[in-house]
Amino acid sequence: AVALGLMLAAGHFGAAMTHGPNFLFEPLSRSSSPGDDPTRVASAQSFEVPGPASPDGFASVQPIFAQSCNSCHSGSIAKAGLALDSFESLVRGSDLEVLDPSDPAASELLRRIKLPIEDPDHMPPEGRRQLTPEQIQTIEAWVTGGVLASASSRGSEEGEHALRSDAATDGSGAPTFESVPSPDVQAIAALAATLAHVSPVAEGSGLLWVNVSYANPPLEERQIIDLLRPLAANIADLNLADCRVTDAIGDLVASMPHLRRLNLSDTPVTDQLVGSIAGHPALADLVLTRTQVSDAAVESLLAMPGLEHVYLWGTQVTPEAVAGLREARQGLVADAGEFAEAEVLVVEPEPKFTDPAKAEAAPLTASNATCPVSGGAVDARYLIVYEGKVIGFCCANCPTQFWADPAKFADKLKP
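This one's a predicted model, so the numbers in the text were calculated from it and none came from an experiment.

(A) Main features of the overall build of the protein chain. Along its length, the protein chain carries 16 helices and 11 strands. The buried share of the protein chain, taken over its 415 residues, is 40%. Taking all contacts inside the protein chain whose residues are at least 6 apart in sequence as the whole, residues at least 24 apart take part in 50%.

Structure, rendered in structure tokens:
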């Protein structure tokens, strides 16, 4: 019993030294508390972060360290004397110079995470959860002072691509890439903690795709407004389908200058909300299916200069109002759920049915005059079909002999 107790204690403390103090229950606690999962908080990947290696920007990399590094480099478990659970402990360094102020890009921290996984100096070690390319880019941006953010100002190919993907291209006067601020990392973390989806619309972009309908448990309207307000200047695609929102969300939506797509399906919004966002400079796609919107919203829809698609089926908008909307704005796709009549291409003839009981069987005629087995005259009562031919026999016994070896009688069947 003593030996067993010593073995269990030694095994536990040894594992804690190599895998962290909470190695045994860490997976369970992470899966049971989605809001505390560092992988959710780390959804701020590849956004512009302050730097170089500044305390303000540490918030953007801390969730990544918590996810993949702190089990070996935090608190009492600080291998090589390095702890990554706070900005102060990180800059304090370890046996190695983790951050190089004179040449941030050459910092040991960046070198280790960029080494091939098979290299013994690679971090995190092989067998542990590895950093994603986006997480490595975020750490590099923080260490070097925002390399990702400065690419566009240098006119690099990557920066030019980001400019094209975020700039307004329809000449409607929508805000351009230069006016898109860096998203609030803490606000993204708070939104992701609800299980709502939040991600950049493109790699390196400051514009966001947000789907609040994924939140679990469902959020109340006040919570949604409070979570989205810090990100209003960054949201380009917002899905509020089946959420607990009313016309009160309209003012917040109207304050989102880059919003291109808005989904309000299955919400109790009315014409009042549509009126509050009338004149929005960037909105192109608006989903209002199964809402309380009526004909009174048509005028507000026409006041949206960039509107390209509006979905109105399941609303109180009448067919006449939909037709007027289409006529007033050429090129606007107003989907009211109608199904156009398809052009008739082919008409099949009317089928004719025959009663099997009244049908007369077509008579069969033997292709041979003499029985191939006996050589006698063919009796019309004894006929078979073989290889597409009707063959006659003289009696009931001859077909049995024929089927036993048809090739034997092949010559006798020739014309």
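(B) View of the sheet that holds strand β8 (residues 309–311). Spatially, the seven strands line up as an open sheet ordered β3-β4-β5-β6-β7-β8-β9, and their pairing is mixed. The strands lining the two open edges of the sheet, one partner per strand, are β3 (197–200) and β9 (333–335). Pairwise comparison of adjacent strand axes, ignoring direction, gives a mean angle of 10 degrees for this sheet. When β8 meets β9, the two strands line up parallel, connected through three bridges. Looking at β9, one finds that Tyr311 is bridged to Asp335.

(C) Representation of the pairing of strand β11 (residues 389–393) within the structure. With four of five residues buried, β11 lies mostly within the body of the structure. With five bridges joining them, strand β10 (residues 379–386) and β11 adopt antiparallel strand pairing. Paired with Ile384 across the two strands is Ile391, which belongs to β11. With antiparallel pairing between neighbouring strands as the criterion, β10 and β11 make up a hairpin whose turn holds two residues, including Glu387 at a positive phi of roughly 50 degrees.

(D) The arrangement of the nonpolar core in detail. Leu228, Leu238, Leu240, Leu262, Leu286, Leu301 and Val310 are the most contacted members of the largest nonpolar core, which totals 50 residues. In this structure, Leu301 is in contact with Val274, Leu286, Leu288, Leu307, Val310, Leu312, Leu325 and Arg329, ignoring residues within four places of it in sequence. By size, the runner-up hydrophobic cluster in this structure holds 19 residues, among which are Leu82, Leu90, Leu99 and Leu110.

(E) Fine view of the packing of aromatic side chains. By the definition in use, this model includes five aromatic pairs. Taken together, Tyr386, Phe393, Phe402, Trp403 and Phe409 form an aromatic cluster joined through their ring pairs.

(F) Geometry of the side chain of Asn263. Here Asn263 is to be found in strand β6 (residues 261–263). The buried category is assigned to Asn263, whose relative accessible area is 13%. If sequence neighbours within four positions are ignored, Asn263 has contacts with Leu238, Asn239, Leu240, Ala241 and Val287.

(G) Region of interest: unusual backbone geometry. In this chain, Met123 is followed by Pro124 through a cis amide linkage whose omega measures -5 degrees. Cis geometry is adopted by the peptide bond preceding Pro217, which originates at Asn216 and carries an omega value of 0 degrees. Here the phi dihedral of Asp242 falls at roughly 65 degrees; this positive angle occurs in a residue that is not glycine. Within the fold, Asp242 resides in the loop between β5 (235–239) and α12 (250–254). Given the relative accessible area of 63%, Asp242 is considered exposed.

Conventions used here
Residues numbered from 1 in each chain as written. Predicted model: local features only at pLDDT ≥ 70, side-chain atom pairs only at ≥ 80, totals over all residues. Heavy atoms only, no water. Helix = DSSP H or I, 4+ residues; strand = E, 2+ residues; numbered from the N terminus. Buried < 20%, exposed > 50% of the residue type's maximum accessible area, 1.4 Å probe, protein only. Contact = heavy atoms within 4.5 Å. Pairing = 2+ DSSP bridges. Axes fitted to C-alpha atoms, helices over the stretch in contact; angles between N-to-C directions. Core = buried A, V, L, I, M, F, W, Y, C linked by side-chain atoms within 4.5 Å. Phe/Tyr/Trp six-rings, centres within 6.5 Å; stacked < 30°, edge-to-face > 60°.

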